[in-house]
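# Understanding the architecture of this molecule
Read off the chains here:
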Amino acid sequence: MMVPFRRKKTNKQFPVKVCTFDSELEFHLEHRATGRYLFELICRTIGLRETWYFGLQFEDSKGNLSWLKMDKKVQDQSVHMTNGSCMFIFLAKFFPENVAEELVQEVTQHLFFLQIKQAILSMDVYCPPEASVLLASYAVQAKYGDYDEAVCKPGMLISENLLPQRVIDQYQMTPQMWEERIKTWYADHRGMSRDEAEMEYLKIAQDLDMFGVNYFPITNKKNTEVWLGVTALGLNIYNKENKLLPVTTFQWNEILHISFDDRKFVVKTNDSKNPKPVIFYSQKLRINKLILDLCVGNHDLYMKRRKPDTMEIQQMKAQAKEEKQRRQVERNKLTREKQLREAAEREKAAMEQRLMQLQEEMRAANEALHRSEEAAELLAEKNRLAEEEAMLLSHKAQEVEQEINRMRMTARKTEEEKMYLERKTQEAELLTARMMEESRKRALEADKLKNELIHARVAEKEAKEKLLNFLSRTSTESILITPSSSPESPMHEMHSYDLLADGDMEQLSLEIEKERVEYLAKSKQVQNQLKELRSEIEQLKIGENQCPLDDINAEQLRLGETKYSTLKKVKSGSTKARVAFFEEL
């Protein structure tokens, strides 16, 4: 009996490219792969555990931006193909209420930092000029580390994309002027690591009015065009011309039910006194689906934050805290080693300076010895010349005496010659006396020169002894200033951390409250810095380049209002009043 041959069934694969803000990942998936499989594969690849904030965005076949559904197959979601691959962007879909307390992993903080920075630079999120400069300084600290004047040369930051183009166009300032203001704050961040700089960036960015808001164009019953903002705290309603200040808001704890029917969207509140729902209309059914998806996700996270942390989150926070302290210990160790290295370099420079000083002193001593030797040689030469001159005078005196004797012998011949000779003899005697006196003076001078020569040789001997003593002392000092061996490295401290138990929740709350107080104090300092920069560049502002959001922001500053005070004021009214206000817009 013949058994028919059956070809083994194989699952064909299709390529997928996923872009983040700093990398691009490539995968090959089977046709039956779901969105959840792809999402978890990406999270495992980049080491992300706080997955509930993120999603995969793509462009469908009609050119609309959509979020990948987790329970459906990837190829069943009309993903637009680019160069034969499915293209996705890994983005934060939901945002935290407080970045410092909720973002645990460093990779999570880094992904939020890159996305928020891109949103600010592309002007999707409005940022005041002074805050833009401060955020740019933190971005530079995160990228380049501590400020080093030798590395950060003039013009280095000009080529960087650090400020929104809207801010640059609003002021009569050159790129060099912007660079100097960024450098001023960049230098103040010395000692801050990359993750700390990125967290400080996010702390400032979360106070921006448009941070974490997804805007959708809607209309009310009167067909008035307004904006719906879906946030981590609830739903905001904005005027068409103003995306900064909501005219009314509904928190998630006030919302009981959300649903839509075609383009009609219905929001029911839990106010028993006012069962009337909030109704608005979107432009397309697709927009209502996206709004509902974001509402459900934000509401789930809102409720999750108000419950005790799960064991997984407690473990992640404990690991993050331990890792942070370990890095702090390593950073302190590196700082200590750097200080020791700088101290050794300073000591080496001092020793080199001392060595140069000793070499200069030895050169001066050698020159003094050389001059002493030359002076002694000159005195010896003078003494030799004086002795030769004294010998010549002595020979001349002997010759004169012989001449006198000869003249005396010839004087006896005649009287006339005698008288003549006597006169000549007297003259010769006078001359002889003068010459003998001169000879005596020359002899005294020769004795004086001998004494000077003796003193010079004694001085030469003393100079040589002084040089020998100086050289021996120099050798001793060189031995004494030899650099000592580097100090031992500080001992590593041992740390241990336990996971939080149920009874430790109160202690955790106290720590969070303490960090909140410290953050408020630091925030006040940051506000003072921003106010100082704002007043500094105010005179260079170009009025015709201001946008409506700049005018709204200026009015907020004048009234002393912030994002949180505005939200508190808007939601302070009753639910009934807010629903009526929305319908009457």
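An unreviewed UniProt entry lists the chain under the name Moesin/ezrin/radixin homolog 1, with Anopheles minimus given as the organism.

## Overview of helix H7 (residues 194–205)
With 12 residues, H7 should reach 16 Å at 1.5 Å per residue; the first-to-last C-alpha distance of 16 Å fits that figure. The element H7 is extensively covered by neighbouring structure, given that 10 of its 12 residues are classed as buried. Those residues of H7 not exposed but buried are Asp195, Ala197, Glu198, Met199, Glu200, Tyr201, Leu202, Lys203, Ile204 and Ala205.

## Details of the packing of aromatic side chains
The full count for this structure, using the stated rule, is 15 aromatic pairs. Residues phenylalanine 54 and phenylalanine 112 carry aromatic rings whose centres are separated by 5.4 Å and whose planes lie at 55° to one another, so their mutual orientation is tilted. One end of the pair, phenylalanine 54, is in strand E3 (residues 54–59); the other, phenylalanine 112, is in helix H3 (residues 106–121), and 58 residues separate them in sequence. An angle of 10° between the planes, with centres 6.2 Å apart, marks the rings of phenylalanine 260 and phenylalanine 265 as stacked.

## Digging into the pattern of salt bridges
Counted according to the given criterion, the structure contains 21 salt bridges. Between arginine 306 and glutamate 97 there is a salt bridge, and its shortest N-O distance comes to 2.9 Å. Note that arginine 306 is positioned in the loop between helix H8 (285–305) and helix H9 (311–411) and glutamate 97 in the loop between strand E6 (85–92) and helix H2 (99–102), a separation of 209 residues in sequence. A salt bridge links arginine 363 to glutamate 360, with the shortest nitrogen-to-oxygen separation between them at 2.2 Å.

## What about the confidence of the model for the chain?
In this model, the chain carries an average pLDDT of 81, and 84% of its residues clear a pLDDT of 70 or more. Of all helices and strands in the chain, the one with the weakest mean pLDDT is helix H11 (residues 505–537) (65), whereas H3 scores best (94).

## Concerning the pairing of E3
Burial analysis of E3 places 5 of its 6 residues in the buried class, which makes it a mostly covered element. Here E3 folds back onto strand E4 (residues 65–67) in antiparallel fashion, the turn holding 5 residues, of which glycine 63 has a positive phi close to 85°.

## Thoughts on unusual backbone geometry
For serine 78, which is not a glycine, the phi torsion comes out positive at approximately 55°. Judged by its relative accessible area of 41%, serine 78 is partly exposed.

Rules behind the numbers
Residues numbered from 1 in each chain as written. Predicted model: local features only at pLDDT ≥ 70, side-chain atom pairs only at ≥ 80, totals over all residues. Heavy atoms only, no water. Helix = DSSP H or I, 4+ residues; strand = E, 2+ residues; numbered from the N terminus. Expected span 1.5 Å × (residues − 1). Buried < 20%, exposed > 50% of the residue type's maximum accessible area, 1.4 Å probe, protein only. Phe/Tyr/Trp six-rings, centres within 6.5 Å; stacked < 30°, edge-to-face > 60°. Salt bridge = Lys/Arg side-chain N within 4 Å of Asp/Glu carboxyl O. pLDDT = per-residue confidence, 0-100. Pairing = 2+ DSSP bridges.

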